[in-house]
Amino acid sequence: MAKAVTIIVTDPVGLYATPATELVDTMKTFSSDIQLEYESKSVNMKSLMGVLSLGIPCKATIKVEASGDDEEAVIESVIKKMTELSIGKVQP
């Protein structure tokens, strides 16, 4: 069963290259399939070009969905990284 989390981007610039690179590099350490959804578009979250192609602005609502052996760890890691980088907060 896939796990997902909804996040609101809080960085005034949106999800730009520097934090996106850190997120993608972190996601590459997991074996699960990880998708990032924004405005009905979905990309592989292990692809920097895919993530940047979405052009995610400030106050955007994004969804991260993971399916695989380490999906729980993926979701925990996404939440931790977004908080550490101060670029997003989990939407309840």
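Located above this text is the structure these notes cover.
None of the values given here were measured: they were computed from a predicted structure.

Here is what the cut-offs are and how they apply
- Residues numbered from 1 in each chain as written.
- Predicted model: local features only at pLDDT ≥ 70, side-chain atom pairs only at ≥ 80, totals over all residues.
- Heavy atoms only, no water.
- Helix = DSSP H or I, 4+ residues; strand = E, 2+ residues; numbered from the N terminus.
- Rg over C-alpha atoms; globule rule 2.2 N^0.38 Å.
- Buried < 20%, exposed > 50% of the residue type's maximum accessible area, 1.4 Å probe, protein only.
- Contact = heavy atoms within 4.5 Å.
- Areas by Shrake-Rupley, 256 points an atom, 1.4 Å probe, with all protein chains shown as cover.
- Lys, Arg positive; Asp, Glu negative; His and termini not counted.
- Charge placed at Lys NZ, Arg CZ, Asp CG, Glu CD.
- Expected span 1.5 Å × (residues − 1).
- Arc of directions from axis to C-beta.
- Polar contact = N/O pair within 3.5 Å; in protein donor to acceptor, adjacent residues only side chain to side chain.
- Pairing = 2+ DSSP bridges.
- Axes fitted to C-alpha atoms, helices over the stretch in contact; angles between N-to-C directions.

Caption draft 1: View of the overall build of the chain. Within the chain one finds three helices and five strands. Start at the N end of the chain and walk to the C end: the helices and strands fall as β-α-β-β-α-β-α-β. For the chain, whose C-alpha radius of gyration is 12 Å, the value lies close to the compact-globule estimate of 12 Å for 92 residues. Taken over the C-alpha atoms alone, the chain extends approximately 35 × 30 × 25 Å along its principal axes. The buried share of the chain, taken over its 92 residues, is 40%. Taking the intrachain contacts of the chain between residues at least 6 apart in sequence as the baseline, contacts between residues at least 24 apart amount to 71%. Element-wise, carbon and sulfur atoms account for 53% of the exposed surface of the chain, whose accessible area totals about 5000 Å². Distance between charge centres in the chain, computed from 9 positive and 13 negative side chains, equals 5 Å.

Caption draft 2: Seen up close, the side chain of Lys-81. Relative to the elements of secondary structure, Lys-81 occurs in helix H3 (residues 71–84). Not counting residues up to four positions away in its chain, the partners in contact with Lys-81 are Glu-22, Leu-23 and Thr-26.

Caption draft 3: Representation of H3 within the structure. In this model H3 runs 20 Å from its N-terminal to its C-terminal C-alpha over 14 residues, within 8% of the 20 Å that 1.5 Å per residue would give. Turning to H3, its buried residues number three or more, namely Glu-71, Val-74, Ile-75, Ser-77, Val-78, Lys-81 and Met-82. With its buried residues spanning 165° around the axis, H3 presents them on a single face. Within H3, the exposed residues directed more than 90 degrees away from the buried face are Glu-76, Lys-80 and Thr-83. The inward-facing, buried residues of H3 abut strand E1 (3–9), helix H1 (17–27), strand E2 (33–38), strand E4 (61–67) and strand E5 (88–90). In the segment just after H3, Ser-86 is the residue with positive phi, at about 55°.

Caption draft 4: How the structure looks around the side chain of Ser-32. Along the chain, the position of Ser-32 falls in the loop between H1 and E2. A polar contact of 3.3 Å, which involves the side chain of Ser-32, links it to the backbone nitrogen of Glu-71. Leaving out residues up to four positions away in the same chain, Ser-32 has contacts with Lys-46, Ala-66, Ser-67, Gly-68, Asp-69, Asp-70, Glu-71 and Val-74.

Caption draft 5: Geometry of the sheet that holds E1. Taken together, the five strands give an open sheet; going across it, the order is E3-E2-E4-E1-E5, and neighbouring strands pair in antiparallel fashion. Each having just a single partner strand, strand E3 (41–44) and E5 make up the two edges of the open sheet. Recorded for the sheet is a direction-independent mean angle of 30° between the axes of neighbouring strands. Across four bridges, E2 lies against E3 in antiparallel orientation. Within the sheet, the bridge partner assigned to Leu-36 lies in E3 and is Val-43.

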